[in-house]
Amino acid sequence: MLETLKTRNWPRLFGYILFIGMMAAGYYYNLTFVQLGLEDFGTRLLGLSPSAVARDMACLALLTCLIAIAFGWWIQKQGWGRRFRVKLRLSFGVVLAQILLTFICPFVTGEPGFLVWLAGVSVALGVGVPVMFSMTVDLIPVRMRGGAAALVTACAYFAAETLSSEWTFEAFRRQSLLMLAGGALGMGILAFIHHPWLDALARQHEHPAFARGRFLRAGRRDRRLLGLILIMFSIYFVDSLGFLRLLKTPLYMTGSWQSPDFEVRLFIAGAHVLGALVAGVLYSSLHERPLFLWIFGIFALTHLQYSFHIRTEAANTVLSMPMLYALAVSLYTVVNFAIWADLSTPDTISLNSALGVALSGWTATFLSTALAIAWGERLSLERHIQVVDSLAMLFFLAMVALAYFSPAPKPIEAS
Amino acid sequence: MKRFPLTFLVAFLSLFLAACGSDGLYRFTLVTEGEHILTQDLTSSLIVTDGSVTLPAGTMLDGSVHILSGSFNVDGHITGDVFFLNGDLTLGPSARIGGDLNLGSGSYHPSPDSVIVGQINTGAGIPLPDLPEKQAPTVWILLLRTLISGSLLGLVATVLIRYVPGAVGRVGEAATHHSLVSGAVGLLVGVVGISLLVTMAYTILLIPVTLLGFFLLGVAALYGWIGLGISAGRLGIRILKRPVKPSAAAFISMLVFMLMLELVSSIPLIGDLLGLSVVLIGLGAVALTRFGLRRFTPAANQNLST
């Protein structure tokens, strides 16, 4: 970024700001309104049972997954991966749809209405994922992707942790509407005006510094993509399965993420920011395997600490546990924002990112939600966390074995 | 060299023996929360930080009691002193304290029939051991301390540069050329490593491994400092354009490095942060190069070489 400032490459700098702002706002919306707000909407405002809401949310995850893959494939087929302006207009459409869906919430009544409304949210998310992720090849050069992903993660988590003092649907709806309105105005202008800066950004994907992801190797794309989807799925699954249960345990929420004490939330936000910045630096400098080892290792350690804490029946929570959790979450979020683009070219990014995000993120959410509902009635909190810990440890050991038995990746071949 | 792994193994395994040698050591029972009734005699000191402890009539506690918070109900016999700093202390009719009762703050409810053999000291009257007052070290003492630690590290650096110059060089190279990556890795190693070691200590059984882990973490941090110091020294020598023997250069470099570090750490507000950054960069460089066994090359440079 400093290099861009030195060379006064203002269009490129504008591209960085646009991408970071757009992705951070999108992720903030997903973190707060979708992941936390919808459950409150269903249970408290619509009076549905927690299991019914969880089932509906799982349907949302599955539908989003299908729509994202279908739309990613459609973009690839149409060749829109190379058409920056089309992607801007589609993003504008997504933001408008999200405003409409967020605005009409109070008119939704009963479970059928909730399901129809969730289907609308799924369509907006499913279209948004491949469109927004595919803008990475237009706006962020390969060398900068770790840093950009770190800033996106840091901004989204910092805002989510410090701005949201109460995790209620009304609060999330208010914040989301304000943010989306600002976003729609900006995106609307960018989608329809003609400016030399936008023309310059639209051509950037042709530049080798943007076009070819760093993990691309001739003839190995499918295997590598599949491997990374599996690994990211495991990470999402471990995170989601553990956090869904912790979310239902007031001791661990009121003492950390939902603490009335602002300093506690600021501390966790700081851990998220620090974790994101560390991940940004490491993503650019290390191979992907050590990063995954760190992520699984930290998840295993965090859940081990939680299970120790549950066993002692302590009345107060210890901040080191959410701190480590925040660190692990930030690490993998950064990887998720950068890695799909680094496996792609402008032609393949829409489908790759859709496959990556949908199959790993949304499918893991779908399965872990279903499992958490089932376990919530059968397993004690301690046992639940122990199972998650065992899974994290298993994946960690699998990564160690993989690193030991398979050769280190070679540098890319010249194209 | 073949003897090294065996010696190391013996040293490592002998650490586990430490867990067996509890007899003859100072023993205590720590209560941090919950309700506890001591139904049997206890031969150890008792520390109560929170929760509730009851010593019923007919039971004996052979040791002293320290109550930092929480409540302690006594109806039995305590052979040692009782230090009551805060919380709630109740002495029942059959309570007997063999030593002194030292009262700080909190609420104290003695029965008229309870017996205290020693003295009752209240408030500031609690006798404290004669500890020397801690004063801020003067500049000269600080300088002397830094010179001593710098000299010691300098001696270690001299040995390292004599026997493993390549390894130290690689650590220094990673710390100076890739300080951001080293700092990031150092932060992860530091935060996660300390959390892991503390968690292991909770199992009691793994306390020797925890101690070994902290020792290794400390050695890694010092090794990182040495690598960083030697690299900084090489840069200085290159600027001065004077030929100096490698061992002498290593010694002088460490001395100057420690003085510079002390100077930087004394800067108000940011000094500690800068000092911590140097520690993390050194630690990260050691982790990245696996104690200097391999050269660190950023993955981006490898992948984007074409």
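Residues numbered from 1 in each chain as written. Chains lettered and ligands numbered in written order. Predicted model: local features only at pLDDT ≥ 70, side-chain atom pairs only at ≥ 80, totals over all residues. Heavy atoms only, no water.

A closer look at the overall build of chain A
Along chain A, the regular secondary structure elements total 17 helices and zero strands. Here chain A has a C-alpha radius of gyration of 21 Å; the compact-globule value for 415 residues is 22 Å, and the two agree. Expressed along its principal axes, the backbone C-alpha trace of chain A runs to roughly 60 × 55 × 40 Å. Each of the 415 residues in chain A was classed as buried or not, and the buried ones make up 57%. Here the contacts in chain A between residues at least 6 apart in sequence split such that 85% fall between residues at least 24 apart. Accessible surface, chain A as shown: approximately 16800 Å² in total, 68% of it carbon and sulfur. Here chain A holds 31 positive side-chain charges and 23 negative ones, and the gap between their average locations is 10 Å. (Helix = DSSP H or I, 4+ residues; strand = E, 2+ residues; numbered from the N terminus. Rg over C-alpha atoms; globule rule 2.2 N^0.38 Å. Buried < 20%, exposed > 50% of the residue type's maximum accessible area, 1.4 Å probe, protein only. Contact = heavy atoms within 4.5 Å. Areas by Shrake-Rupley, 256 points an atom, 1.4 Å probe, with all protein chains shown as cover. Lys, Arg positive; Asp, Glu negative; His and termini not counted. Charge placed at Lys NZ, Arg CZ, Asp CG, Glu CD.)

Concerning the overall build of chain B
For chain B, the helix and strand inventory stands at eight helices and 15 strands. A buried classification covers 37% of the 306 residues belonging to chain B. Sequence-distant contacts, at least 24 apart, represent 34% of the contacts inside chain B between residues at least 6 apart. Total accessible area on chain B is roughly 18000 Å²; 68% of this is exposed by carbon and sulfur atoms.

With respect to the pairing of strand β7 (residues 71-74) of chain B
All names here are of chain B. Note that strand β4 (residues 52-55) and β7 share four bridges and pair parallel. In the sheet register, V53 faces β7, and the bridge partner there is F72. Two strands pair when backbone bridges link them, and β7 and strand β10 (residues 88-91) are joined in this way by four bridges, in the parallel orientation. Bridging across to β10, V74 finds its partner in L91. (Pairing = 2+ DSSP bridges.)

Describing the nonpolar core
With 172 residues, the main nonpolar core has W117(A), F292(A), F299(A) and W340(A) as its most contacted residues. The element contributing the most residues to this core is helix α2 (residues 10-45) of chain A, with 17 residues. Not counting residues up to four positions away in its chain, the partners in contact with F292(A) are L228(A), I231(A), M232(A), I235(A), V335(A), I339(A) and M399(A). V48(B), V65(B), L89(B) and A95(B) belong to the second-largest nonpolar core, a separate cluster that totals 21 residues. (Core = buried A, V, L, I, M, F, W, Y, C linked by side-chain atoms within 4.5 Å.)

Here we look at a nonpolar patch on the surface
Residues and elements named next belong to chain B. Together, F215, L216, V219, F291 and L293 line one region of the surface with nonpolar side chains, adding up to about 500 Å² of accessible area. Among the structural elements, F291 can be located in the loop between α7 (271-288) and α8 (299-303). Residue F291 is classed as partly exposed on the basis of its relative accessible area of 38%. (Patch = residues over 30% accessible without salt bridge, like charges linked within 9 Å, V, L, I, M, F, W, Y side chains within 5 Å. Salt bridge = Lys/Arg side-chain N within 4 Å of Asp/Glu carboxyl O.)

Considering the side chain of N352(A)
All names here are of chain A. Relative to the assigned elements, N352 resides in helix α16 (residues 349-378). Residue class for N352 comes out buried when judged on its relative accessible area of 1%. Of the polar contacts made by the side chain of N352, one reaches the backbone oxygen of L343; its length is 3.4 Å. (Polar contact = N/O pair within 3.5 Å; in protein donor to acceptor, adjacent residues only side chain to side chain.)

Regarding the sheet that holds strand β13 (residues 107-110) of chain B
Within a sheet, adjacent strands bond to each other through the backbone by hydrogen bonds, running parallel or antiparallel. All names here are of chain B. Here five strands make up an open sheet; going across it, the order is β2-β4-β7-β10-β13 and the pairing parallel. At either end of the open sheet lies a strand with only one pairing partner, and these are β2 (35-37) and β13. Direction aside, neighbouring strands of the sheet carry axes that sit 5° apart on average. (Axes fitted to C-alpha atoms, helices over the stretch in contact; angles between N-to-C directions.)

Topic: helix α7 (residues 145-163) of chain A
Look at α7(A): 27 Å from first C-alpha to last across 19 residues, which is about the 27 Å you get at 1.5 Å a residue. Taking burial as the measure, the 19 residues of α7(A) include 14 buried ones, the bulk of the element. (Expected span 1.5 Å × (residues − 1).)

Description of the domain arrangement of chain B
Taken domain by domain, chain B consists of domain 1 (28-125) and domain 2 (139-297). One C-alpha centre belongs to domain 1 of chain B, the other to domain 2 of chain B, and the line joining them spans 48 Å. (Domains from an automatic or database assignment.)

Side note on the interface of chain A and chain B
By a widespread convention, an interface's size corresponds to the accessible area lost as its parts come together. Listed per partner, the contact involves 30 residues of chain A and 27 residues of chain B. Around 2300 Å² of area is buried between chain A and chain B when both sides are counted, 73% of it from carbon and sulfur atoms. Our count for the chain A to chain B interface comes out at zero salt bridges. Our count for the chain A to chain B interface comes out at two residue pairs in polar contact (both at pLDDT 80 or more). At the level of elements, α13 (262-285), α14 (288-312) and α15 (320-339) of chain A are the ones that each hand at least two residues to the side of chain A that touches chain B. (Buried area = accessible area lost by both parts, 1.4 Å probe.)

Side note on unusual backbone geometry
Residue and element names in this part refer to chain B. Positive phi values are uncommon outside glycine, yet R290 reaches one of about 50°. Inspection of the secondary structure assignment puts R290 in the loop between α7 and α8. Residue F291 is not a glycine yet carries a positive backbone phi of 60°.

A short note on the sheet that holds strand β9 (residues 82-84) of chain B
Residues and elements named next belong to chain B. Read from one edge to the other, the open sheet built from six strands follows the order β1-β3-β6-β9-β12-β15, with strand pairing classed as parallel. One side of each edge strand has no neighbouring strand; the edge strands of this open sheet are β1 (28-31) and β15 (120-122). Geometrically, the sheet is characterised by an average inter-axis angle of 10° between neighbouring strands, direction not taken into account. Pairing between β1 and strand β3 (residues 45-48): four bridges, direction parallel. Residue pairing in the sheet places T29 in a bridge with L46 of β3.

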